[in-house]
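Residue-level listing of the chains:
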Amino acid sequence: MTGVTASVAWQRGDTGGAMLTTPFTQDLSLWTGQRAAAVEQAMVQSVVKREPWTAVQFTSDGIWGAALNTTGADQTAEHLTTTTLEAVWQGVRSQNHAPRGYMDAHTRLVAALSQSPSAGTCVDAFGNGRRGFAVELEMAAPFAFHEPRVLPSKPAAIYVSLSVYLHTPPGTPGKQAQFIWYSTPLFDLERDVEQDHVFIDIFSRKLIISGPVSGRSRYNTPTAGSSLARNATFGLLRFSYEVTAAHVEQGIRDGLARFPSHFENQSLPLNASSYCVPGYSIELEATPGAGAGISVRGLNISILGS
């Protein structure tokens, strides 16, 4: 089973345009903790000024690095800048016959994440005797900062999360099709990394279920030897956790209870078995005047058997 991945960089509210540079020769190791050849790096920056900027690394041995610097972004406009690794699956035999094992996160083709899942690309993780999915990765966040905020009512934020996509299966009628961002925060500089949250995504208007690897989350369970989510910089750590049907269904109930009017005219299935997994993303995001670097390796997402 192989994956299709892409790195995507965007800034909400920025209409000035951006410039892509690759190969990129600057040493990013002070940000990401990882050296890479110029041909394994790319940089995106504003066409009108040097900052903000973001850069990514795709190394030949399967390491993804990302650096994000939002210095110079307008704090009063509250731009949110994002750099992601996004992935969808290829070559899955059927969402009802997905083999146990890992989903490769290290290919370099462009993903078409805006499309609904097609047959063979959405993995059944909760039906036919499957209990959910497990995630394992190693990550470092060696550098992060934020400047004082012009508006104290809008605190600085720089964070990393891994989101597994949950989608109603291929063939679901358009008006009944649903999508959930199932998000697991791993790093959030100087902010809380223990509380669960549910949100409605500003752009997609879809539910976000967010539970950090805290050991107390209702939305995941850390496995033996896993590190817990951090709110300070760190070297290479291993994170591993499981998400079961019970976790997903708890998150759906919490979302419906928190946003009843949002779901008043639509049907959000309550059972985890009503969803399959078409892909995932790792998001490095920052408000203006902040920045961080991360590197990720050894990412495995596996299906839990009965």
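Residues numbered from 1 in each chain as written. Predicted model: local features only at pLDDT ≥ 70, side-chain atom pairs only at ≥ 80, totals over all residues. Heavy atoms only, no water.

Overview of the confidence of the model for the protein
Here is step 1 of the chain: On average, residues of the protein score 85 in pLDDT, and 86% of them reach the 70 mark or higher.
Here is step 2 of the chain: Counting contacts from residues 91-115, a segment whose pLDDT is below 50, to residues more than four positions away or on other chains yields 68 contacts. (pLDDT = per-residue confidence, 0-100. Contact = heavy atoms within 4.5 Å.)

Observations regarding the pairing of strand β3 (residues 41-46)
Here is step 1 of the chain: Across the six residues of β3, five count as buried, placing the element largely inside the fold.
Here is step 2 of the chain: Of the strand pairs in this sheet, strand β2 (residues 18-21) and β3 are connected by four bridges, and their pairing is antiparallel. Within β3, the position partnered with Met-19 by the bridge is Gln-45.
Here is step 3 of the chain: Bridging between β3 and strand β4 (residues 53-58) involves five bridges; their strand directions are antiparallel. What sits directly across from Gln-45, in β4, is Trp-53.
Here is step 4 of the chain: Remark: six residues form the turn of the hairpin made by β3 and β4, two consecutive strands paired antiparallel. (Buried < 20%, exposed > 50% of the residue type's maximum accessible area, 1.4 Å probe, protein only. Helix = DSSP H or I, 4+ residues; strand = E, 2+ residues; numbered from the N terminus. Pairing = 2+ DSSP bridges.)

Observations concerning the sheet that holds strand β15 (residues 290-304)
Here is step 1 of the chain: A sheet is described by the order of its strands in space; here eight strands give the open sequence β2-β3-β4-β5-β15-β7-β13-β12, paired in antiparallel fashion. Of all strands in the sheet, those with a lone pairing partner are β2 and β12 (221-222), marking the two edges.
Here is step 2 of the chain: Taken together, the six bridges between strand β5 (residues 64-69) and β15 define a ladder with antiparallel strand orientation. Paired with Gly-65 across the bridge in β15 is Ser-295.
Here is step 3 of the chain: Each of β12 and β13 (234-244) touches helix α2 (residues 245-258); the most contacted strand, β13, lies at about 85° to it. (Axes fitted to C-alpha atoms, helices over the stretch in contact; angles between N-to-C directions.)

Notes on α2
Quick reminder: α-helices carry 3.6 residues per turn. Residues three or four places apart thus point the same way.
Here is step 1 of the chain: Taking 1.5 Å of rise per residue, 14 residues should cover 20 Å, and α2 covers 20 Å from first to last C-alpha, within 8% of that figure.
Here is step 2 of the chain: When α2 is considered as a whole, its buried residues turn out to be His-247, Val-248, Gly-251, Ile-252, Asp-254 and Gly-255. Axial view of α2: buried residues confined to an arc of 165°, hence all on one face. For α2, the exposed residues set more than 90 degrees away from the buried face come down to Ala-246 and Ala-257.
Here is step 3 of the chain: Where α2 is buried, its residues touch β8 (158-167), β9 (179-188), β10 (197-200), β11 (207-210), β12 and β13. (Expected span 1.5 Å × (residues − 1). Arc of directions from axis to C-beta.)

With respect to the state of the cysteines
Here is step 1 of the chain: Counted according to the given criterion, the structure contains one disulfide.
Here is step 2 of the chain: Across a sulfur-sulfur distance of 1.9 Å, Cys-122 and Cys-276 are joined as a disulfide pair. Between Cys-122 and Cys-276, the S-S dihedral sits near 95°, and the bridge is therefore right-handed. Here Cys-122 is found in the loop between β6 (81-90) and β7 (132-146), whereas its partner Cys-276 is found in the loop between α2 and β14 (279-286), with 154 residues between them in sequence. Both residues of the pair, Cys-122 and Cys-276, count as buried. (Disulfide = S-S within 2.5 Å.)

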